[in-house]
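Now for the letters of each chain:
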Amino acid sequence: RGRSGIMNGPMVFGQQRDQWFHAETVGFVAIAAIFIGLGLSSGWPANLVMYIIGIGVAVVTVIVLLPNYIYGRYELGEEAVHVRSYMNDASIPYENIISAGPVRWTETFVKTAATSLKFVEIHYREGRHKRRISFTPAERDRFVEELNSRIAQRSVSPRLPMAI
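Let me sum up the structure you'll find in this document. Everything quoted here is computed from the prediction, not taken from an experiment.

## Section: the nonpolar core
- Residues Val81, Ile97, Ile122, Phe143 and Leu147 are the most contacted members of the largest nonpolar core, which totals 20 residues.
- At the level of secondary structure, the elements contributing two or more residues to this core comprise β1 (11-14), β2 (73-76), β3 (80-84), β4 (89-93), β5 (97-103), β6 (119-126), β7 (129-135) and α4 (140-155).
- The greatest single-element share of this core, amounting to four residues, is contributed by α4.
- Look past the residues within four positions of leucine 147 in its chain and what remains in contact with it is Leu76, Val81, Tyr94, Ile97, Ala100 and Ile122.

Structure, rendered in structure tokens:
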């Protein structure tokens, strides 16, 4: 809902990536390079362990950290919020959302891939089950405000025509 109180069209938000996440990624790449270099430079089999550690760190970096630079799109559509990130892919109709808002990183840190400490968590119904999803949209406060506005607009009963 815009400032006029009328719901606007779809709004797209990117993924928040804090500075520590960039430093973490660079650090893992550097550690992998150092261990692979040490493993290759000193001959086999003495430094095979260093080489294997370097390859392991490189694999973890490619699988866990780097995809977070590619994925991460959150859309507030006309009928639903669409969460598309490396670890989450969901389309949640506004009328199914129980609550939504910012959460502390300590409450959700291990439940999702973290690129920021500024999480949003949505509690929603899916059939008979209650679910929750955590993610890190850019402009978190604006995202939450707009999301809650759209949820509130859906929860208001439609007005019936007046009898003449």
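There's more to say after this.
## Topic: the pattern of salt bridges
- In the structure shown here, the tally under the stated rule is seven salt bridges.
- Here arginine 84 ties to aspartate 89 by a salt bridge, and the two come within 2.8 Å at their closest N and O atoms.
- Given the relative accessible area of 36%, arginine 84 is considered partly exposed.
- Assessed through its relative accessible area of 60%, aspartate 89 is described here as exposed.

## Some details on unusual backbone geometry
- The phi torsion at glutamate 139 lies on the positive side, around 55°, for a residue other than glycine.
- Within the fold, glutamate 139 resides in the loop between β7 and α4.
- Classification of glutamate 139 as partly exposed rests on a relative accessible area of 45%.

## Observations concerning the packing of helix α1 (residues 19-41) against helix α2 (residues 48-65)
- Two numbers describe how α1 lies on α2: the axes approach to 7 Å, and their chain directions differ by 155°. Taken together, the axes of α1 and α2 are roughly antiparallel relative to one another. Handedness of the crossing formed by α1 with α2: left-handed. Two secondary-structure elements touch here, α1 through Phe21, Glu24, Thr25, Phe28, Val29, Ile31, Ala32, Phe35, Ile36, Leu38, Gly39 and Leu40 and α2 through Met50, Tyr51, Ile53, Gly54, Ile55, Val57, Ala58, Thr61 and Leu65.

The rules behind the values
- Residues numbered from 1 in each chain as written.
- Predicted model: local features only at pLDDT ≥ 70, side-chain atom pairs only at ≥ 80, totals over all residues.
- Heavy atoms only, no water.
- Core = buried A, V, L, I, M, F, W, Y, C linked by side-chain atoms within 4.5 Å.
- Buried < 20%, exposed > 50% of the residue type's maximum accessible area, 1.4 Å probe, protein only.
- Helix = DSSP H or I, 4+ residues; strand = E, 2+ residues; numbered from the N terminus.
- Contact = heavy atoms within 4.5 Å.
- Salt bridge = Lys/Arg side-chain N within 4 Å of Asp/Glu carboxyl O.
- Axes fitted to C-alpha atoms, helices over the stretch in contact; angles between N-to-C directions.
- Parallel < 35°, antiparallel > 145°, perpendicular 65-115°, else oblique.
- Left-handed = near helix turned anticlockwise from the far one by under 90°.

Purely spatial values, then, with no claim about function.
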